[in-house]
Amino acid sequence: MTKFACDIVTPEAKFYSGDVHFVVVPGTEGEMGFLYDHAPVVSTLADGVVRIQEEEGGPHKEFAIEGGYVQVDGKRVIILADKAEESHQA
Amino acid sequence: MPNLHDIDKRIKSISSTKQITRTMEMVAGAKVKHATERIYAATPYSESMTEMLQGVAERVQASENPLLEKRENVKRILAVAVVSDRGLAGGFNSNVLRSVEKTIRAKKAQGVEVEVIACGKKAIGFFKYRKINPVLEFADLSADPTFEEAKQIADYAVKAYEEGSVDEVVLVYNHAKNAAEQVLREEIILPVDTQAVMAAAAGSSLDAADAADQSADTVSASLEFEPEPADVLQRLLPAYLRTSIYHALIDSAAGEQAARRTAMHSATENANEIVETLSRLYNRVRQGAITTEINEIVGGAAALED
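Residues numbered from 1 in each chain as written. Chains lettered and ligands numbered in written order. Predicted model: local features only at pLDDT ≥ 70, side-chain atom pairs only at ≥ 80, totals over all residues. Heavy atoms only, no water.

Looking at an unreviewed UniProt entry, one finds chain B named ATP synthase gamma chain, with Slackia equolifaciens as its source organism. In its Subunit (unreviewed entry) section, the UniProt record describing chain B reads: "F-type ATPases have 2 components, CF(1) - the catalytic core - and CF(0) - the membrane proton channel. CF(1) has five subunits: alpha(3), beta(3), gamma(1), delta(1), epsilon(1). CF(0) has three main subunits: a, b and c." Quoted verbatim from the Function (unreviewed entry) heading of the UniProt record, the comment on chain B is "Produces ATP from ADP in the presence of a proton gradient across the membrane. The gamma chain is believed to be important in regulating ATPase activity and the flow of protons through the CF(0) complex." (UniProt positions renumbered as here; feature names shortened; annotations may be inferred.)

For chain A, an unreviewed UniProt entry supplies the name ATP synthase epsilon chain and the organism Slackia equolifaciens. For the record of chain A, the UniProt heading Function (unreviewed entry) holds the text "Produces ATP from ADP in the presence of a proton gradient across the membrane."

Following this line, the structure appears as structure tokens:
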């Protein structure tokens, strides 16, 4: 499967940036998952966990975020968050 | 003729001042780097935020959100003055403060009231001295502004604007154009001017109303919103405001250090110049004293010979 770019950005810094296979974000109206070539979406996010799978079938990386938004345009997923933290138990 | 001792004292005093100014110059120089890095770190966020807002704003009418609506009758303005906590930075603080004071006077003449949010001890002192009580004041933030403070300011501004107690919010700060130059910026942050936001990216859509009509069926079909665009906008606008304010705070912080470095650099140079002039004077006076002394001895000896 084709990978796409994913960024997690906070006001203080670019928190995560990389090519990923699959992203799950906590939307205000339920979780949303994105693969390559997803239809363009803008959504607000609830406080919760973002899961990123860098390789197909590979391990997940988890990030806790607070006060966020997500913008998707098929080849890129940008997650804006007031605060972000990588979860270490992943 | 000034006496030797006095000149010596002045030279010593100026040299020790020079030591301080030179140290401050170097400290500020080191801090500029740190502050500039912070701006770079924050840039991706504000760029994405602007981009996202453009996307939403294209699809929403201005009347749909109170923060977008321009008010015809401006009765009360909120001015956010962003300066530093410490002086010795040349015209850095006074530029902003004087400009705000001028605005207040001009607006008062038009019958418009102005309330002030003061960021930085210098602003607090300045306004208190002029019997203007800031509605919110922040001290100790210029060295290390955090997102929290930007949030407090934004929350206050949004609340006041929605309640109708304020009809316009202006942000006044120094933009660090480069390491040596600061430019005074006055930005109207509320109401949010979506036209300006959109124009910043796509200068192509000449007729905004036309574009809005088209986007209703063409673009919105390709871009989904969750929840509704209006709801997204409602959350996005305060966030956009917070980002703008945070950006102004860190921009001003970088500008402050740069301004201080420049100011201290010229202070050090001036001190060097004065020390040089004074040393020359010191030597001349000393030589003059010696010459007088020799003349007296020679004169005395000649008198004895006769």
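Here the narrative resumes.
Peer 1: Describe in detail the interface of chain A and chain B, supporting the description with residues and values.
Peer 2: The partner chain B presents 23 residues to the 28 residues of chain A that form the contact. Across the chain A to chain B interface the summed buried area is about 2300 Å²; carbon plus sulfur atoms make up 57%. On the chain A side of the contact with chain B, Pro 11, Val 42 and Tyr 69 of chain A bury the most area, a combined 29% of that side's loss. Where chain A touches chain B, the interface holds three salt bridges. Here Glu 148 of chain B and Lys 83 of chain A are joined by a salt bridge, their closest N and O atoms 4.0 Å apart. Mapped onto the side of chain A that touches chain B, the elements with two or more residues apiece are β4 (30–34), β5 (41–45), β7 (60–72) and β8 (76–86) of chain A. (Contact = heavy atoms within 4.5 Å. Buried area = accessible area lost by both parts, 1.4 Å probe. Salt bridge = Lys/Arg side-chain N within 4 Å of Asp/Glu carboxyl O. Helix = DSSP H or I, 4+ residues; strand = E, 2+ residues; numbered from the N terminus.)

Peer 1: Requested: an account of empty space enclosed by the protein, with residues and values cited.
Peer 2: All names here are of chain B. Counting across every chain of the model gives one cavity of 30 Å³ or more. The wall of the largest cavity is formed by Ile 77, Ala 79, Val 100, Thr 103, Ile 104, Lys 107, Val 114, Val 170, Val 172 and Glu 186. Taken together, the elements giving at least two residues each to the lining of the largest cavity come down to β1 (76–82), α2 (92–109) and β4 (168–176). With four residues, the single largest contributor to the lining of the largest cavity is α2. Its residues assigned to classes, the lining of the largest cavity shows seven nonpolar, one polar and two charged. (1 Å grid on protein atoms, 1.4 Å probe; cavity = no way out; pocket = protein on both sides within 12 Å on 5 of 7 lines; lining within 4 Å. Points joined across faces, edges and corners; volume = space filled by probe spheres on them. Nonpolar A, V, L, I, M, F, W, Y, C, P; charged D, E, K, R; others polar.)

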